[in-house]
Structures are given as C-alpha cells and as structure tokens.
Amino acid sequence: KEIADAFKDLGSCPGRSLLWTHPFHPFGQIFATVYPLKGWIGHYFDAFSMYDHYRSGCISSVLASKSRPVFWLADAQAIKVVATDKANFDKDMDFYSNGISFFGPNIIASDTSTWKRHRMISNPAFNESVNGVVWKETAKEVRNWFSELDSQAKSDGEISIHTFDSFSTLALTIFACAGFGSDGATPITELRETLRMAFHHSAARASIPDWVFDLTNRIHIPFLSPYLRKTIGVYEALDQMFEFDDWWSFTPELGQANMDVDGEQDEKERGRRSLTDRELVSNMFLFFIAGHETTANTLSFVCAFLALYPDVQQKILEEVKLVWPNGVPEDVEEAEYKNTFSRLTYTTAVFYEALRLIPIVSRLGRMVLKDTVLRTYRLNGVGDPEPYSVPMKEGSEIIIDMAAVHRNPIYWGADADDFKPERFVDTDTYRWPRDAFLAFSTGFRDCIGRRFAAVEGANVIARIIRRYEILVPKHLKDMPFEEQKAYLLKWRPFVSNSPVYPEVTFRKRS
Ligand code: HEM
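Residues numbered from 1 in each chain as written. Predicted model: local features only at pLDDT ≥ 70, side-chain atom pairs only at ≥ 80, totals over all residues. Heavy atoms only, no water.

With that settled, the discussion passes to the packing of aromatic side chains. A full pass over the atoms with the stated rule returns 32 aromatic pairs. Where Tyr44 meets Trp491, the ring centres are 6.4 Å apart and the plane angle is 80 degrees; that geometry is what we call edge-to-face. Here Tyr44 is found in the loop between α2 (26-30) and α3 (49-54), whereas its partner Trp491 is found in strand β11 (residues 491-492), with 447 residues between them in sequence. This pair shows no difference in class: Tyr44 is buried, exactly as Trp491 is. Judged by centre distance (5.7 Å) and plane angle (45 degrees), the ring pair of Phe175 and Phe452 falls under tilted. Residue Phe175 is located in helix α7 (residues 163-180), and its partner Phe452 is located in helix α20 (residues 450-467); the two are separated by 277 residues in the primary sequence. The same class applies to Phe175 as to Phe452, namely buried. The ring of Trp412 carries the charged tip of Arg356 above its face, separated from the ring centre by 5.3 Å. (Phe/Tyr/Trp six-rings, centres within 6.5 Å; stacked < 30°, edge-to-face > 60°. Helix = DSSP H or I, 4+ residues; strand = E, 2+ residues; numbered from the N terminus. Buried < 20%, exposed > 50% of the residue type's maximum accessible area, 1.4 Å probe, protein only. Lys NZ or Arg CZ within 6 Å of the ring centre and 35° of its normal.)

This is the structure in structure tokens:
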C-alpha cells in the first residue's frame, strides 16, 4: 500500500519505475555497473537517454525499500532552484553516513546548520593568494615528476604512464603542500595508499552496522573477520596519520584556518565559532580525499581524451607557446599565476569538457523538506521545452543528475556527446551555459575547491603538452578509433567515478 501511495505521489511526472536499491547506498554503488539495467531509469551510463525517451526534464521512480517518491532532474533551471532554496530542500544525509563521516561530522557530511560553521571556517582559505601557492606548488611537483619520467624513457623516448597513479601522487603532494604546508618530503605514498584503502573500505564501513564489527572482532568468522578488522585498521591508521603536528607545519591558510579553531573551549575564549577535535580530524580526512582523488581522476580522463584527439593537443600547444614563448619556466613564483592562468582559456576548457562528458561525481541527492511544486519542462512534438509543474511531497527525494544535464542538447546542442572543448570558450556571440555545468555541484553547497582544481588542472595539462605528446597505449595502436575510445574512456561508477584503464603513452617532443 505504501508503495502504491508513493506512486500516486509521483503525479503526472513520467517514468514511474520501481527502484530496488538506492543509487547512493553502498550496495547500489557496488552493483552500479549492473543495476539498474540499461534502458531502466537510474542506469549509470544512460546519461540523457531516459529523459529523451520520456521527453521531460524530470522523470520519476519509487524507491521500494522506503516507499519514497524519487524525482530525477536533467533540467538545469529546476536544479538551480533545488540547490539554492534552503527552506524546501537539503542534502540527503543518508548518503554521507559512516564511510565519509567516520571521524565525525565534516564540511561535506553535515546538515545545513552544522555545515555553515565548517564552511565559514574554511572559506577564507580558498582565496586568490592560495591559488598562487597552488600554481607554484603544481609547477614544482610537475617538474619533479618530469625528472622521474626522463629516467624511465625508453630509447624511442616513449614512456608508459599509469595516469591515475601518477596524478593521485601529484595531486596529493600538491594538496599537502598548498593546503597544509607540507615540505613535500613527508611520506605521501603511505598517506595516499591508506586514503585509497579507506576509500575502498568506505562501502563496508558505511553499510555494516557497528555491532557486526564488534561481533566479528570477538568471534572469528572466516573471511569476514579479517576483512572487517582490516577496515577498522585502515581508519585507525589514518587517524594516527592525522596527528598533525608531526606532519605539517601549517603555515598555509587552509591548515591555519582549521587549526586556529580547534577545540570547544576556544569558542568561548575567542568569541567565535570553532571546530571540535573530531570535526577537525574529519575535515582533514575529507579535504585530503576531496582535494586529490577528484582532480586525479579528471586529469586521467583528460589524458585519455587527449590521446584520442591529437588535434586538441595541437591547439593546447599553440596556446601554451603564446603564454610561454621561451619554454616552460623552471622556477615559478606565485605571481606567475595571475599573469598566466587567465590566458590558458582553451587548456582550462579541455579540463571542463572532460568533466562535462565524464563528471567525476555524476549524481547528488536532495530531500524535499516541505510539500512543494517544482517547475520543469516537457518537450513537445517539435522538441521545444514546454513548462509544467511537478508537485513534490515532503520526504520525497530529488536526484540532481549531473551526467544527464551535461548531455542535455537543450544546453549543449545536438553534438552534446562529442568532445569539443571550444564549447567552454566564450566569444563575442556565445557565452557557455554556466548553469548547465554541474561537475562541481551548484548552489550553496557547491565545491569549495573548484578554482583550486581548475588552477592545478590547467597548469598540469599545459606543462605536459609543452613537453610531451600523449599517445594511445601501444597495444591499442592498431585498433579502430571507436574501440580505442571505448577502452580508454571506460569508467567505473563509485563515490567518485574513475577510469577502468588509466593508461596512455607519453613521447617527449623534439
Ligand atoms: C576536479 C576536481 C573536483 C571535482 C569534480 C569536485 C566536485 C565536487 C562536488 C560535486 C561537490 C559536491 C559534493 C556534495 O554535495 O556531496 C564538491 C564538494 C566539495 N569539494 Fe570538490 N571537487 C573537486 C576538487 C576539489 C578540491 C581540489 C577540493 C579541496 C581543495 C575540494 C573540496 C571540496 C569540499 C570541501 C566540498 C564540500 C563543500 C561543501 O559542502 O560546502 N574539491 N566537490
């Protein structure tokens, strides 16, 4: 009966499918490649096709386990309303349980009232002077990476690159230096591996109740006990690693902003809001994950696209040569950021275009707090959007379907599936549709590190292209283009989407 009622609450919104697993539940994410099936609402790789099928910017389902109406949105204007109207919509916090908030509430895993305090504390650190530091540290770390690559180059000058491994180490080191004042000599590899394991164990941590962990600790259950002990061990190891004083000097602003506000006591003494010790540790965990994994995955996809599209590499090279006519400068000062980043328009567009086609976070959830009505559109016979209203009951869920908005031809044109970085370059007669680019989310809970990521990303791409050509890996060379593309762009859905085969070849330019 409850499920039937939930179907009634979908009103006239088309779709009306039954969902057996919540798309953000760890089980939903583990089985995401196989369920929902292709052609069903919620299939991870469908992008815009189900909205096209139902000719609507909003489609609907009912979540069986909670008898909950679920509305999926590929309508950028409706999403803007959902992401900015605090009175009617808030984050679906179930999604952020345990795994990501294991150490306590943090800036991402907190409801709006707690979040405000976290955001207020961290916001000032994401300023233009820190972007200068990001620029400088990126240049330094890329230079060190290139020296390593030179020693690996074969006689033909070609080097096989595991893009995710390379970029995750790079992005983590840059983040540790620019965000937390690491001198770069700290054992980043150990931290990276522990973070990666914590990430992989986060599904187990989030979906298995604490009493099962306790039980398997006391009674040995083959396979399960060792696995769950490892899960706990990984998180404990991280906790120890975040004994900050031993690791970081905390001069830069993000570390400073968070450290300064440590402790409940301080709140009264200083007369301003503060973080508790657990919140502080939890933010460290979150910043480290959010600050490197996303960028590393994006750069991996960028390399895959560039290997497939040498003409795009050529255009980047032309832009980079204008910016650095005498070659990439070896020693970079923070000031270079201001003179250079804004001139890497096309290079930055490549970073965004990769994120448009393969958003690293492709869906986000919002709960409806009060009965409300959302305006969206239907496509009529000739394909023009016609406004209509979808009533939504309190307790319904909205899925902000970034992957679908990014392929919606209303915003991106009939060639929305094609890789064309130019669409992110404004001209006298064209302004790219800001509201329809949601890779960094939107509204008041958008990504705080958006510019940090773009500054780092464009800098890395520009430097790579100035020095190397990016080629498809040797074993793909003789394949037809479509097969190379399917291989290199194959991705795996999880909390952040990652490439299945993160590999390309670099060849040093003569
Ligand atoms: C290409 C790189 C990146 C992508 C695609 C990305 C994407 C996102 C998305 C989609 C959200 C919203 C998540 C949600 O509501 O659950 C988000 C939030 C966040 N991101 Fe990023 N991000 C990137 C880089 C970064 C970097 C470099 C940092 C830190 C330096 C960062 C820190 C954060 C934080 C702290 C939040 C939570 C903000 C809040 O709720 O107030 N991100 N990011």
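Taken N-terminus to C-terminus, the directions of helix α14 (residues 277-308) and helix α21 (residues 481-488) make an angle of 175 degrees; their axes are 10 Å apart at the nearest point. Taken together, the axes of α14 and α21 are roughly antiparallel relative to one another. Residues Ala304, Ala307 and Leu308 of α14 form the contact with α21, whose participating residues are Phe481, Gln484, Lys485 and Leu488. Residue composition of the contact of α14 with α21, by class: five nonpolar, one polar and one charged. (Axes fitted to C-alpha atoms, helices over the stretch in contact; angles between N-to-C directions. Parallel < 35°, antiparallel > 145°, perpendicular 65-115°, else oblique. Contact = heavy atoms within 4.5 Å. Nonpolar A, V, L, I, M, F, W, Y, C, P; charged D, E, K, R; others polar.)

Let's shift gears to the sheet that holds strand β13 (residues 503-508). The antiparallel open sheet is built from three strands, whose spatial order is β5-β13-β10. In this open sheet, the two strands that pair with only one neighbour each are β5 (158-162) and β10 (468-471). Direction aside, the axes of adjacent strands within the sheet are offset by 30 degrees on average. Direction of pairing for β10 relative to β13: antiparallel, over a ladder of four bridges. By the bridge assignment for β13, Leu471 is matched with Thr505. Across the sheet, helix α6 (residues 128-152) touches β5, β10 and β13, and the angle it forms with β5 is around 125 degrees. (Pairing = 2+ DSSP bridges.)

Further remarks concern the coordination of the iron atom of the ligand. From the protein, the iron atom of the ligand takes a single donor atom, Cys447 (SG), 2.3 Å away. Note that Cys447 resides in the loop between α19 (409-412) and α20. (Donors = N, O, S within 2.8 Å, 3.2 Å for Na, K, Ca; no water.)

Over its 14 residues, helix α15 (residues 310-323) runs 20 Å from end to end, which matches the ideal 20 Å to within 8%, given 1.5 Å per residue. Residues Val312, Gln313, Ile316, Leu317, Glu319, Val320 and Val323 constitute the buried set of α15. Along the axis of α15, the buried positions cluster into a sector of 170 degrees, meaning they face one direction only. Of the residues in α15, the exposed ones pointing more than 90 degrees away from the buried face are Pro310 and Leu322. Check the buried side of α15 and you find it contacts α14, α16 (336-340), α17 (345-357), α20 and β10. (Expected span 1.5 Å × (residues − 1). Arc of directions from axis to C-beta.)

Our focus in this paragraph is unusual backbone geometry. The omega torsion across Tyr35 and Pro36 is -10 degrees, close enough to zero to call that bond cis. One can find Pro36 in the loop between α2 and α3. Positive phi values are uncommon outside glycine, yet Arg16 reaches one of about 55 degrees. Relative to the helices and strands, Arg16 is located in the loop between α1 (2-8) and β1 (17-19). Owing to a relative accessible area of 38%, Arg16 belongs among the partly exposed residues under this scheme.

Moving on, we come to the sheet that holds strand β2 (residues 58-63). Pairing is mixed in the open sheet, where six strands are placed in the order β1-β2-β3-β9-β6-β4. Edge strands, defined here as strands with exactly one partner in the open sheet, are β1 and β4 (89-91). Here the average twist between neighbouring strands, direction ignored, is 35 degrees. With three bridges connecting them, β1 and β2 associate as parallel partners. Bridging from a neighbouring strand, Leu19 pairs with Leu63 of β2.

Honestly, that's just the spatial picture; any functional story needs more than this.
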